[in-house]
Amino acid sequence: MDSAELIERLRREGGFRLLPLLGNTGQVAGVHLARFLPGGQLDVIQAWDERWAVWARMPDSLDPAAPFAGPEGGVVQSGPFARVVAPLLPIQSGLSR
């Protein structure tokens, strides 16, 4: 399954919303996917290409005194896009860790 199919499944089956991930020059450098979960959790995926992506699950909270500091108590996973997103979708052949 290619990255376009995975992105579509994350949107359709996983409830993620898609935004472009911009690089330093303002050009689209990848994708940013996010979804809000019950219980005040937030999932964020940033993928630059099929070889490199990062997923984080963190509390949906913001410290107004430090708006760019990441919240404490999150989980982070990085690696190839298909491997990073596999746990976020129903198990499919070729996507398991």
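A quick note: this is a predicted structure, and the numbers were derived from the prediction, not measured. (Residues numbered from 1 in each chain as written. Predicted model: local features only at pLDDT ≥ 70, side-chain atom pairs only at ≥ 80, totals over all residues. Heavy atoms only, no water.)

A. Main features of the overall build of the protein. Looking only at helices and strands, the protein features 2 helices and 5 strands. Ordered by position from N to C terminus, the α and β elements of the protein give α-β-β-β-β-β-α. By the burial criterion, 31% of the 97 residues in the protein qualify as buried. Considering only intrachain contacts with a sequence separation of at least 6, the fraction spanning at least 24 residues in the protein is 35%. Summed over all atoms, the accessible surface of the protein reaches about 6400 Å², with 55% contributed by carbon and sulfur. (Helix = DSSP H or I, 4+ residues; strand = E, 2+ residues; numbered from the N terminus. Buried < 20%, exposed > 50% of the residue type's maximum accessible area, 1.4 Å probe, protein only. Contact = heavy atoms within 4.5 Å. Areas by Shrake-Rupley, 256 points an atom, 1.4 Å probe, with all protein chains shown as cover.)

B. The sheet that holds strand β5 (residues 75–79), seen in detail. The antiparallel open sheet is built from 5 strands, whose spatial order is β1-β2-β3-β4-β5. What marks the edges here is a single partner per strand, and that holds for β1 (17–22) and β5. Each strand axis lies, on average, 15 degrees off the axis of its neighbour in the sheet, ignoring direction. Docked against the sheet, helix α1 (residues 3–12) engages β1, β2 (28–37) and β3 (41–49), running at close to 25 degrees with respect to β2. (Pairing = 2+ DSSP bridges. Axes fitted to C-alpha atoms, helices over the stretch in contact; angles between N-to-C directions.)

C. A look at the nonpolar core. Grouped together as the largest cluster of nonpolar side chains are 15 residues, with contacts concentrated most on Leu-10, Phe-16, Leu-33, Ile-45, Phe-81, Val-85 and Leu-88. If you list the elements that add at least two residues to this core, you get α1, β2, β3, β4 (52–59) and α2 (81–85). Setting aside anything within four residues of it in sequence, one finds Phe-16 in contact with Leu-10, Arg-11, Leu-33, Ala-34, Arg-35, Asp-43, Ile-45 and Leu-88. (Core = buried A, V, L, I, M, F, W, Y, C linked by side-chain atoms within 4.5 Å.)

D. Molecular detail of the pattern of salt bridges. What the rule picks out here adds up to 6 salt bridges. With its nearest N and O atoms 2.8 Å apart, the salt bridge here joins Glu-13 to Arg-9. Accessibility expressed as a relative area gives 41% for Glu-13, which makes it partly exposed. (Salt bridge = Lys/Arg side-chain N within 4 Å of Asp/Glu carboxyl O.)

E. Seen up close, the confidence of the model for the protein. Across the protein, pLDDT averages 85, with 89% of residues at or above 70. When the criterion is pLDDT under 50, residues 92–97 qualifies, and its contacts beyond four places in sequence or with other chains add up to 9 contacts. (pLDDT = per-residue confidence, 0-100.)

F. Highlighting the side chain of Arg-35. With respect to the secondary-structure elements, Arg-35 resides in strand β2. With a relative accessible area of 11%, Arg-35 lands in the buried category. A polar contact of 2.8 Å, which involves the side chain of Arg-35, links it to the backbone oxygen of Gly-14. Within the structure, the side chain of Arg-35 is placed 2.9 Å from the side chain of Asp-43, a separation counted as a polar contact. Leaving out residues up to four positions away in the same chain, Arg-35 has contacts with Gly-14, Gly-15, Phe-16, Gln-41, Leu-42, Asp-43, Arg-57 and Leu-88. (Polar contact = N/O pair within 3.5 Å; in protein donor to acceptor, adjacent residues only side chain to side chain.)

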